[in-house]
Structure formats: structure tokens, C-alpha cells
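Reading the structure
What follows is each chain in one-letter form.
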Amino acid sequence: MINWRMDLEKICKRIKYDELLANHTSFRIGGPALAFVEVSDRHEIQKLAQESRNWGLSIVILGRGTNVLFEDSGYDGIIVKLAGEFKKIRFEENFVIAGTGVSLNKLSNECAKSGLSGLEFAYGIPGSVGGALIMNAGAHGNSISDVVRQIELIEENGKSTIISGEEAGFGYRKSELNRYFCVVEAKLKLEPKASTEIKDRMRELYSVRKNSQPLRELSAGCIFKNPPNDSAGRLIDSCGLKGKRIGDAKVSSKHANFIINKGSAKASDIYELIDLVKTEVKKRKGVELELELEIL
Ligand code: EPU
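What this report covers is the structure whose coordinates are included nearby.

The rules we used
Think of each chain on its own: its residues are numbered from 1, step by step along the sequence as written. For a predicted model such as this one, the threshold for reporting local features is a pLDDT of at least 70, and the threshold for listing and counting side-chain atom pairs is 80 or more; totals across whole chains, interfaces and linings nevertheless cover every residue. Values reported for side chains reflect all heavy atoms of the structure, with hydrogen atoms and water molecules removed beforehand. Each residue is placed in one exposure class: buried if its accessible area under a 1.4 Å probe, protein chains only, is under 20% of its type's maximum, exposed if it is over 50%, and partly exposed if it falls in between. Numbering of helices and strands starts at the N terminus; helices are DSSP runs of H or I of at least 4 residues and strands are runs of E of at least 2. Note on pairing: DSSP must find at least two bridges between two strands before they are called paired. Orientation is described by axes fitted as lines to C-alpha atoms, over the contacting stretch for helices, and by angles from 0 to 180 degrees between their N-to-C directions. Residue contacts are defined here by distance: any two heavy atoms, one from each residue, within 4.5 Å place the two residues in contact. Summary of the distance rule: residues count as near a molecule or strand when at least one heavy atom falls within 4 Å of that molecule or strand. The term polar contact refers here to a pair of N or O atoms within 3.5 Å; inside protein, the definition further demands a hydrogen-donor-capable atom paired with an acceptor-capable atom, and it admits residues adjacent in sequence only when both atoms are side-chain atoms. In short, Shrake-Rupley with a 1.4 Å probe defines the accessible areas, and a residue's cover is counted only from the protein chains shown. When residues are sorted by character, Ala, Val, Leu, Ile, Met, Phe, Trp, Tyr, Cys and Pro go into the nonpolar class, Asp, Glu, Lys and Arg into the charged class, and all the rest, Gly among them, into the polar class.

Focus: the pairing of strand S13 (residues 182–189)
- With six of its eight residues buried, S13 lies for the most part within the structure.
- By the bridge criterion, five bridges tie strand S7 (residues 95–99) to S13 in an arrangement that is antiparallel. Residue pairing for S13: Gly99 is matched across the bridge by Glu185.
- Where strand S11 (residues 148–154) lies against S13, six bridges are found, and the strand directions are antiparallel. For Leu153, the partnering residue across the bridge sits in S13 and is Val183.

Looking at the sheet that holds S13
- Strand order in the open sheet formed by five strands is S6-S7-S13-S11-S12, with antiparallel pairing between adjacent strands. Strands at the two margins of the open sheet, each flanked by one partner only, are strand S6 (89–92) and strand S12 (160–164). The average undirected angle you get between the axes of adjacent strands in this sheet is 20 degrees.
- Across four bridges, S6 lies against S7 in antiparallel orientation. The residue of S7 that forms the bridge with Arg90 is Ile97.
- Contacting S6, S7 and S13, helix H3 (residues 104–113) crosses the sheet at an angle of about 35 degrees to S6.

Quick word on the site of the ligand
- Surrounding the ligand, one finds 20 residues, the nearest of these being His140, Tyr172, Cys222, Asn226 and Asp237.
- One nitrogen or oxygen atom from the side chain of Lys242 is found 3.3 Å from an oxygen atom belonging to the ligand.
- Here the ligand, which alone exposes 820 Å², has 69% of that area covered by the protein.
- Elements represented by at least two residues in the shell around the ligand include exactly strand S15 (218–222) and helix H6 (232–238).
- Looking at which element gives the most residues to the shell around the ligand, the answer is H6, with three residues.
- The residue makeup of the shell around the ligand, split by class, is six nonpolar, eight polar and six charged.

Shown next, in the form of C-alpha cells:
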């Protein structure tokens, strides 16, 4: 039998076995992962891609855990967090080059400080740059695909590849980037503008978000994608489902497309509430809601 732990320990320095995923998700839900590792450079992630093909274990690259739900029984595989060089940002003229482990908020703030406009919409989106690329995160009519020019990826065989924004297959809250082992860096094209103007716009958009979304509660952001020309939140709300509760999982009374963990919700409470919402919206509005949340 392959001793994957021995191999893993040769590649990564920071490994925790049986780490509770509830500590790494915005829902604060999730049992232990077989192994939870932090990688700090390309060499480590490339070795991990190559070696892990022999282990027969599934591997998930976790961003900030803001759009995922893990089982209470945990995850029977390896969870990888990007640290070290993947948390760096640099500027080249009107481009920003960001590691995918950087938080979107930090990136948005740094761009504002440097007088570069284009990521104001992203301020307040709780995820990482990597997660934002894979999901094509967006808000207020913009999405990250608007500014992405290049993406560096690690393929399943460990090879590093650079693709253009057009090659990423971006659509509404989707991309084709999850075909690769890992997304490591992105180059975004921004426009010069006065920092004060950028920051004012960020504050304005953030206040819209604060007034309409339950930001102080434990959630995973919007649960469902918006159906074409409609809003999942509006549909769920008009079915009278705000406040609906199963165990400690509750449809937010502030924004109906958010499910919140009132404290000790189980993953099963969340699934059941998702099912109930889907069924009601289908029955009463004839609309099939599609999950934005990733269930692992
Ligand atoms: N609405 C209701 N009841 C609700 C929620 C919304 O009637 O409970 C109505 C609002 O009054 C408004 C319309 O529905 O007329 C749209 O609502 P909102 O402006 O809040 O936008 P949304 O379509 O619900 C989208 C994104 C959010 C993003 C906001 C702000 C999706 C699934 N949601 O929400 O993204 O923050 O716009 O731009 O695309 C996320 O992706 O996780 C997310 C939260």
C-alpha cells in the first residue's frame, strides 16, 4: 500500500491531520479532513499535483471557505490552503498580479490605495481570489471576469500553464478553471483613478451590501444562482420562506438567498433547508433554482 502520509510529509511542511473544517468555513460547519495542508510555493503545489495521482485520494484547494459546505462527518481527502507566495500582490503599470490565496477584500483595498479602479465591486465579497476566479464572483453588475487578462494554472501533471481571460470559459458564476489542479495567480487590468474616488465608491457599494445582506451572521453568501432575469432572493422571499428554520439553519430574514447558521447547525440541517426552498420555489413559481454553494 502507498504510504501517502510519508509522501505528503516530504512535500509539505505544514500538515495537520484530522483538522476540523468547521474552523475553515464561513458556515462554521464541517467535520475533520484526512489531512489539511498549507502550501507556500509553486514547487510544493507542483509536487503535490504529481505525487497525489498515486494516492487515490481526492484533493480540494480551499480558498477562504466562503462558498462551501462540508459534511459533519468530514472530508475523506486532502484539503489544501494556499499560503506564502500565493498571498502576494504586485503591481505592473495598470495591472495587478495577485496570488490566488489573497482575499478579495485585501486585493480591492490595495488597488484602491494604488489608485487603480476596477475592483470596487469586489469589496465585501468574502472569498479569495482563487475562489472568485473559479466561481466568477461578482456583485453590483460586475464580475471578476471583466478585469481578468491572464491566469496561471497548475495542471494535473504538475505543469504550469498561462491562459488568457477568454480561455477561462467564464459565464455567470462559473468558469472552466476547475478542470485544472490549481489556479495560482491572476493578472487583472485596471484603470488609474484617484484613490479617494475609488474608496468612496467602495464605501457606497459596501453600505448597499450591509443594508441588504446578513453580514454579521454565519453564512456562505448566496446559496442559489440567480435565474435568468430574476433574483433567487426575491423568489424565495415571495414564497414566504424568510425565517424558515430547520434545526439551527435558517433562511435569513434580511436576504432570502442566504441561509444562516444560528450556532450549531448541522450540514444536514442546511441540506434539508436547501431542499425545502428548492421544492417550494419550484412548486409555487415554477422556477428550478440552481445551487451557487459548493457541496463537498
Ligand atoms: N429581494 C427581495 N427579497 C430578498 C432579497 C432580494 O425581494 O430577500 C429583491 C431586492 O429587493 C431586489 C432584488 O431582489 O429588488 C435583487 O436583490 P439584490 O439587489 O440583493 O441582489 P441579488 O440578485 O439578490 C446579487 C448577487 C449577490 C450580490 C448582490 C449585490 C447572486 C446570486 N447574488 O444578489 O451575490 O452581492 O447581487 O450585487 O448573483 C453571492 O454571489 O454570494 C452574492 C451574495
